[in-house]
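Below are the chains, spelled out letter by letter.
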Amino acid sequence: MDQISENIISRLIQNKKYPLLKNILVELNPFDIAEILGGIPQEQISTIFRLLPKELAAEVFVEMDSDEQEVLIKACTDKELQAMMDELYVDDTVDIIEEMPATVVKRILRNISPDMRKSINLILHYPDDSAGSIMTTEYADLKKNMTVSEAFRRIRQTGVDKETIYTCYVTDESRHLLGSVSIEKLLYAKGSDTVGDIMTSDIITVHTLDDKEDVAKAFDKYNLLAIPVADQENRLVGIVTVDDAIDVIQEEAEEDFIKMAAMQQNDEEYLKTKSVIHAKNRIIWLLVLMLSAAVTGKIISGYEDAFSAIPLLAAFIPMLMGTGGNCGAQSSTMIIRGLATDEIRLSHFIRVLFKEMRLSLLISVVLVAVNTVRVLLQYGSNPEQIKLAIVMGLSLICTIFAANILGVILPMGAKKIKLDPAMMAAPLLTTVLDACSILIFFGIASAMFHL
Amino acid sequence: MTTDLSVFKGTDLEGLVSPITFSLSANTTAQEALDLIRSNHSVRYVLYITDDQNRLTGTVKLSDLLIADPEKTLGEIREDHQLITAGIHEDREEIAEKFRDYDLLSLPVTDDDGTLVGMIEYDDAIDILREETTEDFEKMAAISAQDRPYLMTSDFNMAKSRIVWLLVLMLSSIITGDIITRYENAFVTMPILISFIPMLMDTGGNCGSQSSTIVIRGITTKELRFSDFFKVVFKEFKIGILVSAVLAVVNGIRILIQYHDPLLALTIVISLIITVIFAKLLGAALPMLADKIGIDPATMASPLITTIVDTCSVLIYFRFACIIFQL
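Residues numbered from 1 in each chain as written. Chains lettered and ligands numbered in written order. Predicted model: local features only at pLDDT ≥ 70, side-chain atom pairs only at ≥ 80, totals over all residues. Heavy atoms only, no water.

Colleague: Give me the lowdown on the sheet that holds strand E1 (residues 139-142) of chain A, citing residues and values where you can.
Modeller: Residues and elements named next belong to chain A. Read from one edge of the open sheet, three strands run E1-E2-E3, paired in mixed fashion. Of all strands in the sheet, those bounded by a partner on one side alone are E1 and strand E3 (177-182). When strand polarity is set aside, the average angle formed by the axes of neighbouring strands in this sheet is 35°. Both strand E2 (residues 164-171) and E3 contribute to a ladder of five bridges, which runs antiparallel. For Thr-167, the partnering residue across the bridge sits in E3 and is Ser-182. (Pairing = 2+ DSSP bridges. Helix = DSSP H or I, 4+ residues; strand = E, 2+ residues; numbered from the N terminus. Axes fitted to C-alpha atoms, helices over the stretch in contact; angles between N-to-C directions.)

Spelled out as structure tokens, the structure:
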């Protein structure tokens, strides 16, 4: 929505020019209308919402924030609620219900048709991360012995209520899934062909308890519009459509971002969550990592004599730890992301390991060269400083190698033992790395300077 | 009537756009449209209505077409929402956003005159979304963008994409090192001071990384806007206080048990509190400011913020140590 239109609309709302406002709103997309409603004071939402025609209102409702949805539900009569709920698809209704407090849910369930209520209850019973929880029961189904003409007739009669008719599913009397037929095949076929003639029997199916993340990935992999969901007896229970898969993919990515910064998941929006809750989500990992950093500190205190003798050694600790941390972050981020998108698989382990080692070589050459020049320029080039430069260079090389190698081993190792690779990200990696690189650094320094 | 895709050469959308193979006018009936689809052997989920200048004037969903009365014209069954289109010079990220926001199956691409030049389909959109998200992850780890998946990128290109930031950050961490050198007297007298540096730096880094990640993602997903700046910064300040309180207590107790030195505990605790709060504030403020002046907020991520926090926390730490221990 461009700025000019936004201003015009705000002005109309302020001046309560409702007929004019209505004319503008009905031309817009539901998503944009929902955004507008999100920006106005809550008291005005229901007035403006009522301007919209029924079908559009339902589409807008689905796109709105759950807070605003609650306000609207409370503001409308049972009759209005009923009319709107009638227009919604099952999976959208489930999404809305999941965000509402119990009293509102009871009211919604009272005002929807018995069939809808049955479907909703079915979906709500599935575990949160399963295919069953994101599916819809409104799919187009056909019988094997229908002719194509009969199939079209059925589609035209019932298609309006279906989530999608672009893929139709063929079932027998007991609802066993026999195959699917795309709208293309139906359009290109002769009216007298049977559905059985043109359907595909060997199709990708998922089960109600499959992980929704795996289901979403299947969309990406096979370029599908919809995937059928079957129960244990291979009866068709519902379908998952590509728009829901895209939402799942987005959610999973956001979760990974959070995990990789060593935080716990938060369901609510950032600004709506209290500071105390935020703090709780962050503190556990901070405590763990802080106490493990104390280990590194212990190692350093063991080398007190070393840097009493050569104070300059202490000055290099930040650079060593910093570079190690950044390298580790780079490699682990790429590996974790690669594992998440299936670009990298466990079977690639050796390839990836060797790639990171070769990268370590290239990176160390550049960084060590730059650093050595810097040390010699800054501190002079007598034998003591040259020794220092060598100690630094060697430690840097070892640290970079260790960082990149750990960046591969930790995430892939985690995945191997069925842990989430996103936990093996920078924070954890850095802590382990610090201890190693300090050990190596002071080890080499002691050897070089006979401390 | 296949549209010419050469206009996309060199643009961000090259290779993503499919040609339009037949045109439909507002007067075409539903039956005629379906016949055209059949004879052209080209089923699309969204059909585009154009005028005689080939300008896009409306869209029709295939499902609406199938359900409609065969004699109705496309002008009558077309969707009545504002048209969502893409321009030739739009970038992939904007395309992906449109698909996601409007639940599209197909996105028409028009030139500045409104002439229909092609369309992008949903399976490409999924690919773009995945690539853009991967790019976001990489930016936050201080890696410059790459075109190809990890395994298919040459070692040289991969090293190139990592080395730039590594050099920048390495040189800035030298500043931190120089600060330490300036306090040589302090830690030669009290070597124990050095051993707390990793913990200070790590905790500061993790705190900065936590707040910057959450703020960057908030900005990218449009959950947070610059108008929220003060709310966010204040929130992070409160979180910083809560978190640093816990960390300070735990750490203080640990130091007392391990070293029996209350002054040492005090120094560390104060430095820790200041470091944590500062890290959280910086992690929240920098991405938002970057976004405001048009820089990608993801560049203000963990690596950069950590480096800045390190320098400041070491400075504060040694200052306090000198004051408290009169070094």
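Colleague: Requested: an account of the confidence of the model for chain B, with residues and values cited.
Modeller: Residues and elements named next belong to chain B. Model confidence for chain B is summarised by a mean pLDDT of 88, while 99% of its residues fall at 70 or above. Highest mean pLDDT in chain B belongs to helix H10 (residues 262-292) (93); lowest belongs to helix H7 (residues 184-189) (84). Across the whole predicted complex the pTM is 0.81, and at the interface the ipTM reaches 0.82. (pLDDT = per-residue confidence, 0-100.)

Colleague: An account of the interface of chain B and chain A is needed here, citing residue identities and associated values.
Modeller: Chain B puts 104 residues into the contact, and the matching count from chain A is 107 residues. Overall, the association of chain B and chain A removes approximately 9700 Å² of surface from exposure, summing both partners, and the carbon and sulfur fraction of that is 68%. When the area that chain B buries against chain A is broken down by residue, the three leading residues are B:Phe137, B:Tyr150 and B:Leu151, summing to 8%. The closest approach of N and O atoms between B:Arg162 and A:Glu356, which form a salt bridge, is 2.9 Å. Put simply, chain B and chain A have 33 residue pairs in polar contact (both at pLDDT 80 or more) between them. (Contact = heavy atoms within 4.5 Å. Buried area = accessible area lost by both parts, 1.4 Å probe. Salt bridge = Lys/Arg side-chain N within 4 Å of Asp/Glu carboxyl O. Polar contact = N/O pair within 3.5 Å; in protein donor to acceptor, adjacent residues only side chain to side chain.)

Colleague: Describe in detail helix H8 (residues 197-220) of chain B, supporting the description with residues and values.
Modeller: Residue and element names in this part refer to chain B. The end-to-end C-alpha separation of H8 is 34 Å, in line with the 34 Å expected for 24 residues at 1.5 Å each. Of all 24 residues that make up H8, 23 are buried, and the element is covered over most of its length. Two residues or fewer after H8 comes Lys-222, characterised by a positive phi angle close to 65°. (Expected span 1.5 Å × (residues − 1). Buried < 20%, exposed > 50% of the residue type's maximum accessible area, 1.4 Å probe, protein only.)

Colleague: Tell me about the side chain of A:Thr93, residues and numbers included.
Modeller: All names here are of chain A. Within the secondary structure, Thr-93 sits in helix H8 (residues 90-99). At a separation of 2.8 Å, a polar atom in the side chain of Thr-93 contacts the main-chain carbonyl oxygen of Tyr-89. Not counting chain neighbours up to four residues away, the residues in contact with Thr-93 comprise Met-85, Leu-88, Met-116 and Ile-120.

Colleague: Kindly report on the side chain of A:Ser180, identifying the contributing residues and their values.
Modeller: Inspection of the secondary structure puts A:Ser180 in strand E3. Those residues within four positions of A:Ser180 in sequence are excluded, and the remaining contacts are A:Thr167, A:Cys168, A:Tyr169, A:Val170, A:Met199, A:Thr200 and A:Ile203.

Colleague: Got a sec to walk through the nonpolar core? Specific residues and values, please.
Modeller: Formed by 119 residues in total, the largest nonpolar core has its most connected members in A:Phe49, A:Leu186 and B:Leu65. For A:Leu186, the residues in contact, after removing those within four places along its chain, are A:Leu142, A:Val148, A:Ala151, A:Phe152, A:Ile155, A:Cys168, A:Val181 and A:Ile198. Formed by 84 residues, the second largest nonpolar core is a distinct cluster that contains A:Ile283, B:Ile163, B:Ile194 and B:Ile305. (Core = buried A, V, L, I, M, F, W, Y, C linked by side-chain atoms within 4.5 Å.)

Colleague: Can you explain the environment of A:Gly328? Please cite residues and give values.
Modeller: Residue and element names in this part refer to chain A. Looking at where Gly-328 falls in the secondary structure, it is placed in helix H20 (residues 317-340). Sequence separation between Gly-328 and Leu-429 is 101 residues, and the spatial gap between their C-alpha atoms is 6.7 Å. With near-sequence residues (within four places) excluded, Gly-328 lies in contact with Ala-403 and Leu-429.

Colleague: Can you break down the packing of H8(B) against helix H11 (residues 302-325) of chain B residue by residue, with the values?
Modeller: All names here are of chain B. One can describe the packing of H8 onto H11 by two numbers: an axis separation of 8 Å at closest approach and a directional angle of 140°. Our classification of the angle between H8 and H11 gives oblique. Crossing geometry of H8 relative to H11 is assigned as right-handed. Side by side, H8 and H11 meet where Ile-197, Leu-200, Met-201, Gly-204, Gly-205, Gly-208, Ser-209 and Ser-212 of the first sit next to Ser-302, Ile-305, Thr-306, Val-309, Asp-310, Val-314, Tyr-317 and Phe-318 of the second. When grouped by side-chain class, the residues that make up the contact of H8 with H11 number eight nonpolar, seven polar and one charged. (Parallel < 35°, antiparallel > 145°, perpendicular 65-115°, else oblique. Left-handed = near helix turned anticlockwise from the far one by under 90°. Nonpolar A, V, L, I, M, F, W, Y, C, P; charged D, E, K, R; others polar.)

Colleague: So, the sheet that holds strand E5 (residues 116-121) of chain B: which residues are in play, and what are the values?
Modeller: Residues and elements named next belong to chain B. Here three strands make up an open sheet; going across it, the order is E3-E4-E5 and the pairing mixed. Whereas interior strands pair on both sides, the edge strands pair on one side only; in this sheet they are strand E3 (86-87) and E5. The pairing of E3 with strand E4 (residues 106-110) spans two bridges and is classified as parallel. Each residue of the ladder has a partner; that of Gly-87, found in E4, is Thr-110. Along the sheet, helix H4 (residues 92-102) makes contact with E3, E4 and E5, crossing E4 at roughly 135°.

Colleague: Go over a nonpolar patch on the surface with me, naming the residues and quoting the values.
Modeller: Residue and element names in this part refer to chain A. Where nonpolar side chains cluster on the molecular surface, the patch consists of Ile-386, Ile-390, Leu-394 and Ile-397 and spans about 290 Å² of accessible area. Secondary-structure assignment places Ile-390 in helix H22 (residues 383-416). Overall, Ile-390 belongs to the partly exposed group, its relative accessible area being 40%. (Patch = residues over 30% accessible without salt bridge, like charges linked within 9 Å, V, L, I, M, F, W, Y side chains within 5 Å. Areas by Shrake-Rupley, 256 points an atom, 1.4 Å probe, with all protein chains shown as cover.)

Colleague: Before we move on, could you go through the packing of aromatic side chains and cite the residues and values that matter?
Modeller: If you walk through the whole model with that rule in mind, you get 13 aromatic pairs over all chains. Ring geometry for A:Phe31 versus B:Tyr102: centroids 5.1 Å apart, planes at 70°, classification edge-to-face. Highlighted residues: A:Phe31 in helix H3 (residues 30-38) and B:Tyr102 in helix H4, drawn from two different chains. Here the two residues A:Phe31 and B:Tyr102 agree in accessibility, since each one is buried. (Phe/Tyr/Trp six-rings, centres within 6.5 Å; stacked < 30°, edge-to-face > 60°.)

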